[in-house]
Amino acid sequence: MAGHETTVGLIGNAVLTLLLHPDQLDAVRRNPALTPAMIEEVLRYEGPVERTITRFVARDVTLAGRQLRRGDLIIAVVGSANRDESQFLNADRFDIHRNPQRHLGFGHGAHDCLGASFARLEGEIALNALLRRLPGLRLATDVEQLRWRPQPLFRGLLALPVAWEPPRLSEASR
């Protein structure tokens, strides 16, 4: 599922997030060079990986004042970590100019995603093409009508109904 569910989620979550933040959408449209930073912020703010697979504690350890014993079950909630106010100023705000962008959208260290570079490139290509070709892109439903997929690890929409106005031909191109 890696590389499929996550890429679909990244692109869909990015489109929704941009449509809900028109100032950020406008900034990326005016300057496509901001797309990589926008993708990093989407990975932090509304990433396609909500939590990790189940892990087990390898040895007794104390973490954040809690004793974890060898064999205890652990599930890291990436979505929560990426909204941690102690790590991100105004963590609940979507800001493509955020710096640094130390999100956990692709894991970390030994658990860093091997396909991260490819996913970033796919997202950049897809989103730049979409925003360039559909300048009037907008939600075709109320946000309250959107439904998230009922999957335990991933965060993505069941569907993202959109509409757009066809680009107008300029007088010179007629």
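You'll find the structure just up there.
Computed from a predicted structure; not experimentally measured.

How each quantity is defined
- Residues numbered from 1 in each chain as written.
- Predicted model: local features only at pLDDT ≥ 70, side-chain atom pairs only at ≥ 80, totals over all residues.
- Heavy atoms only, no water.
- Phe/Tyr/Trp six-rings, centres within 6.5 Å; stacked < 30°, edge-to-face > 60°.
- Lys NZ or Arg CZ within 6 Å of the ring centre and 35° of its normal.
- Core = buried A, V, L, I, M, F, W, Y, C linked by side-chain atoms within 4.5 Å.
- Buried < 20%, exposed > 50% of the residue type's maximum accessible area, 1.4 Å probe, protein only.
- Helix = DSSP H or I, 4+ residues; strand = E, 2+ residues; numbered from the N terminus.
- Contact = heavy atoms within 4.5 Å.
- Axes fitted to C-alpha atoms, helices over the stretch in contact; angles between N-to-C directions.
- Parallel < 35°, antiparallel > 145°, perpendicular 65-115°, else oblique.
- Nonpolar A, V, L, I, M, F, W, Y, C, P; charged D, E, K, R; others polar.

Chemist: What exactly am I supposed to notice about the packing of aromatic side chains here?
Modeler: Here a ring pair, both rings aromatic, is described through the centre-centre distance and the interplanar angle of the planes. Applying the stated rule across the entire model yields one aromatic pair. Just above the ring of Phe-88 sits the side chain of Arg-102; from NZ or CZ to the centre is 5.9 Å. Sitting over the face of the ring of Trp-148, Arg-155 holds its NZ or CZ atom 3.6 Å from the ring centroid.

Chemist: Explain the nonpolar core here, please?
Modeler: If you look at the biggest cluster of nonpolar residues, it comprises 27 residues, and the most contacted ones within it are Met-38, Phe-94 and Ile-96. If you list the elements that add at least two residues to this core, you get α1 (5-20), α2 (22-30), α3 (35-45) and α5 (116-133). Here this core gets six residues from one element, more than from any other, and that element is α1. In this structure Ile-96 touches Gln-24, Ala-27, Val-28, Leu-34, Ala-37, Met-38, Glu-41 and Gln-101, once residues within four positions along its chain are discounted.

Chemist: Help me understand the packing of α1 against α3 in this model?
Modeler: Two measures define how a pair of helices packs: the angle their axes make with one another and the distance between the axes. Relative to each other, α1 and α3 sit at 95 degrees, their axes nearing to 10 Å. In terms of their interaxial angle, α1 and α3 are classed as roughly perpendicular. Mapping the contact onto sequence places Leu-10, Asn-13, Ala-14, Thr-17 and Leu-18 in α1 and Met-38, Ile-39, Val-42, Leu-43 and Tyr-45 in α3. Split into classes, the residues belonging to the contact of α1 with α3 amount to eight nonpolar, two polar and no charged.

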